[in-house]
Amino acid sequence: MKPQAQPVYPAEGATRLAWVDSIKGLAILGILLYHVVILIFDIPPFDHPKDDWLPLAERIARLQPRPHETLAISLLANVLRYLGWLGYQGVHLFLVLSGFTLAYSLARRLPTADTNWRQFFQRRLWRLLPLYWAGHFFFLVFQALVGQLVAQPKISLLDSRFHLSLVGVRFLPTTFAYISPAWWYFGLIVQLHLVFPLLWIWLQRKGLLHFWIATATITLVSRFIALIIVGNQREMWSMGALFATRLFEFTFGMGLAYWLVHRPESLKHLWQKRWPLVAAGLAYLLALALSFTVVGSIVAHSLIAVSLFGISHAFSQYSLSSVKLLEQIIGRMVRQTVLWANDLASTPPVVVYCVGQRPSTWSALLGPARPLSALDRAGISGLQRNRRTY
């Protein structure tokens with residue numbers, strides 16, 4: 001599927017793709033909801049496979065709704081629990097968007113523009129590292145002042161894990177959840193950024209279809225080795241301790257960006273059809289079912305990333321079109337209000353006063369019918385003139 005059409009190169013200051021920010025917002029909301037729900041309820045019986053997973057039948061039984069005091073509370077609590085359990089999939093969207101935004105920024109450039117990879121890494125590291133380092137030293141100082149908290153490892157400058165984590169080496173079992181378990185994602189992003197230049201060159205030379213098939217194969221083989229052959233620390237490998245187990249989620253986004261720049265009409269035409277959304281919905285349900293088993297998890301997370309992106313993109317496009325429609329309605333109302341205010345400003349004071357009065361008041365004020373005065377004729381002329389203007 002190597003594109004044949006000439007690529008479209010937008011101007012350097014091209015407008016941001018609004019749907020990218022919309023999907024990011026959905027991903028952030030999902031991740032936040034997930035962490036709230038697992039604190040209130042418990043972890044979902046699916047997501048990433050664990051070494052101590054309960055038997056499948058027991059985990060499926062946990063999907064049953066939980067009873068509460070009233071029907072309304074029960075309904076609200078269970079909907080919140082189910083939606084929160086799915087919130088971890090916001091990470092899948094972030095991986096797709098990370099690959100997309102990196103590749104899109106390069107694909108928009110003219111073919112003659114050389115990529116300065118040294119500058120690329122400098123910019124990326126400057127965006128990633130300062131806040132990450134600040135987090136390390138914050139917890140270091142906090143623990144020195146307050147003391148070690150429950151379930152938190154001892155943080156020390158003499159600990160080799162501190163220095164390994166500081167440079168992004170979080171793919172080891174000893175550093176994967178060190179200091180803050182959520183920081184595993186930083187280690188994954190650092191690895192993907194490091195291999196991005198090789199992936200980008202590969203995509204340009206071999207074309208989109210070859211690139212997607214090859215990186216999907218690498219991902220599936222890596223997950224098979226980690227989850228089936230190695231067989232321990234399954235959750236760590238599945239989440240992305242090594243980038244290869246989440247590679248296709250990232251390269252899927254890269255390929256979309258490449259496609260959007262080189263053949264924008266074909267991709268936009270595909271997005272406008274209904275069957276891709278139906279296919280994405282069915283694939284998403286299949287991926288959820290597969291994520292209940294270790295073997296199914298080999299395929300499930302790549303499938304979740306692809307299908308959930310399709311669903312989220314359609315939702316964001318619908319939301320953006322609804323916002324535009326709302327803006328048009330509000331704009332029309334504002335214009336009508338301006339028309340009315342302009343007409344009102346051109347109306348003689350006696351007419352403005354009479355509009356809000358009862359008919360008996362009009363008769364008392366205006367008296368019996370009479371020919372129009374010069375003032376009345378001037379007011380009517382002003383109303384007609386202003387209506388023609390708009």
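Residues numbered from 1 in each chain as written. Predicted model: local features only at pLDDT ≥ 70, side-chain atom pairs only at ≥ 80, totals over all residues. Heavy atoms only, no water.

Asks: Requested: an account of the overall build of the protein, with residues and values cited.
Replies: Along its length, the protein carries 16 helices and zero strands. Contacts in the protein between residues far apart in sequence, at least 24 positions, make up 71% of those at least 6 positions apart. In the form shown here, the protein has an accessible surface area of approximately 22,500 Å², with 69% of it arising from carbon and sulfur atoms. (Helix = DSSP H or I, 4+ residues; strand = E, 2+ residues; numbered from the N terminus. Contact = heavy atoms within 4.5 Å. Areas by Shrake-Rupley, 256 points an atom, 1.4 Å probe, with all protein chains shown as cover.)

Asks: So what's going on with the nonpolar core? Residues and values would help.
Replies: Side chains of a nonpolar character, in soluble globular proteins, are inclined to be buried together. Residues Trp19, Phe100, Phe196, Trp200, Trp212, Met254 and Phe309 are the most contacted members of the largest nonpolar core, which totals 62 residues. Apart from residues no more than four positions distant in its own chain, Phe196 is found in contact with Leu102, Ala103, Leu106, Trp117, Phe120, Phe250 and Met254. Of all hydrophobic cores here, the second largest spans eleven residues; its members include Leu129, Tyr132, Ile155 and Tyr178. (Core = buried A, V, L, I, M, F, W, Y, C linked by side-chain atoms within 4.5 Å. Buried < 20%, exposed > 50% of the residue type's maximum accessible area, 1.4 Å probe, protein only.)

Asks: Can you break down the environment of Phe121 residue by residue, with the values?
Replies: Tracing the backbone shows Phe121 in helix α5 (residues 117-146). Taking the C-alpha atoms as reference points, Phe121 and Pro197, separated by 76 residues in sequence, lie 9.8 Å from one another. Setting aside its immediate chain neighbours within four residues, Phe121 contacts His193, Leu194 and Pro197.

Asks: Quick rundown of the layout of surface pockets? Include the residues and the values.
Replies: Here the largest pocket is characterised by a volume of approximately 1,800 Å³. Looking at the largest pocket, it is lined by 47 residues, and the ones nearest its centre are Ile31, Phe94, Ser98, Tyr185 and Ile189. At the level of elements, α1 (18-40), α4 (90-107), α5, α7 (184-206) and α9 (234-239) are the ones that each hand at least two residues to the lining of the largest pocket. Ranked by residue count, the leading element in the lining of the largest pocket is α4, at ten residues. For the lining of the largest pocket, a count of residues per class yields 29 nonpolar, nine polar and nine charged. Approximately 780 Å³ is the volume attributed to the second largest pocket. In this structure, the second largest pocket is lined by 29 residues; those nearest its centre are Leu270, Trp271, Pro276, Leu277 and Gly310. Going through the elements one at a time, α8 (208-230), α10 (247-262), α11 (264-272), α12 (275-290) and α13 (297-345) are the ones with two or more residues in the lining of the second largest pocket. Residue contributions to the lining of the second largest pocket peak at seven residues, all from α13. By residue class, the composition of the lining of the second largest pocket is 21 nonpolar, five polar and three charged. (1 Å grid on protein atoms, 1.4 Å probe; cavity = no way out; pocket = protein on both sides within 12 Å on 5 of 7 lines; lining within 4 Å. Points joined across faces, edges and corners; volume = space filled by probe spheres on them. Nonpolar A, V, L, I, M, F, W, Y, C, P; charged D, E, K, R; others polar.)

Asks: Please set out the packing of aromatic side chains residue by residue, giving values where relevant.
Replies: Counted according to the given criterion, the structure contains 29 aromatic pairs. Between Phe196 and Trp200, the ring centres sit 6.4 Å apart and the planes meet at 20°, which makes this aromatic pair stacked. Within this pair, Phe196 and its partner Trp200 are both found in helix α7, separated by four residues, close to a single helical turn. Relative to Phe252, the ring of Phe248 has its centre 6.1 Å away and its plane inclined at 45°; by these criteria the two rings are tilted. Linking Phe248 with Phe252, this pair stays in helix α10, spanning four residues, or about one helical turn. (Phe/Tyr/Trp six-rings, centres within 6.5 Å; stacked < 30°, edge-to-face > 60°.)

Asks: Hey, could you go over α7 for me, with residue numbers and the actual values?
Replies: Between its first and last C-alpha atoms α7 spans 31 Å; for 23 residues at 1.5 Å apiece the expected length is 33 Å, and the two agree. At Phe196, α7 shows its maximal bend, which comes to roughly 45°, and the proline Pro197 appears one to four places after that position. Count one or two residues on from α7 and you reach Gly207, which has phi positive near 95°. (Expected span 1.5 Å × (residues − 1). Bend = angle between axes of the 7 residues up to and from the residue.)

Asks: Please set out the packing of α10 against α11 residue by residue, giving values where relevant.
Replies: At a closest axis distance of 5 Å, the pairing of α10 and α11 adopts a crossing angle of 115°. Comparing the axis directions of α10 and α11 gives the class roughly perpendicular. For the pair α10 and α11, contact is made by Leu256, Trp259, Leu260, Val261 and His262 and by Pro264, Ser266, Leu267, Lys268, Leu270 and Trp271, respectively. Of the residues contributing to the contact of α10 with α11, the split by class is eight nonpolar, two polar and one charged. (Axes fitted to C-alpha atoms, helices over the stretch in contact; angles between N-to-C directions. Parallel < 35°, antiparallel > 145°, perpendicular 65-115°, else oblique.)

Asks: Can you explain the packing of α7 against α8? Please cite residues and give values.
Replies: Packing of α7 against α8 leaves a shortest axis separation of 7 Å and a crossing angle of 135°. In terms of orientation, α7 lies oblique with respect to α8. In terms of crossing hand, the pair formed by α7 and α8 is right-handed. The residues of α8 that touch α7, namely those facing Leu199, Trp202, Leu203 and Lys206, are Leu208, His210, Phe211, Ala214, Thr215 and Ile218. (Left-handed = near helix turned anticlockwise from the far one by under 90°.)

Asks: Just give me the short version of a nonpolar patch on the surface, but keep the residues and values in it.
Replies: The grouping of Val221, Phe224, Ile225, Ile228, Ile229, Val230 and Val295 at the surface amounts to a nonpolar patch, some 600 Å² of accessible area in total. Within the fold, Val295 resides in the loop between α12 and α13. (Patch = residues over 30% accessible without salt bridge, like charges linked within 9 Å, V, L, I, M, F, W, Y side chains within 5 Å. Salt bridge = Lys/Arg side-chain N within 4 Å of Asp/Glu carboxyl O.)

Asks: Which residues make up the side chain of Ser297, and what values go with them?
Replies: With respect to the helices, strands and loops of the structure, Ser297 is situated in helix α13. The exposure class of Ser297 is buried, given its relative accessible area of 0%. Side-chain polar atoms of Ser297 contact the backbone oxygen of Thr293, separated by 2.8 Å. Among residues more than four places away in sequence, those in contact with Ser297 are Asp47, Pro49, Arg223, Leu227, Leu290 and Ser291. (Polar contact = N/O pair within 3.5 Å; in protein donor to acceptor, adjacent residues only side chain to side chain.)

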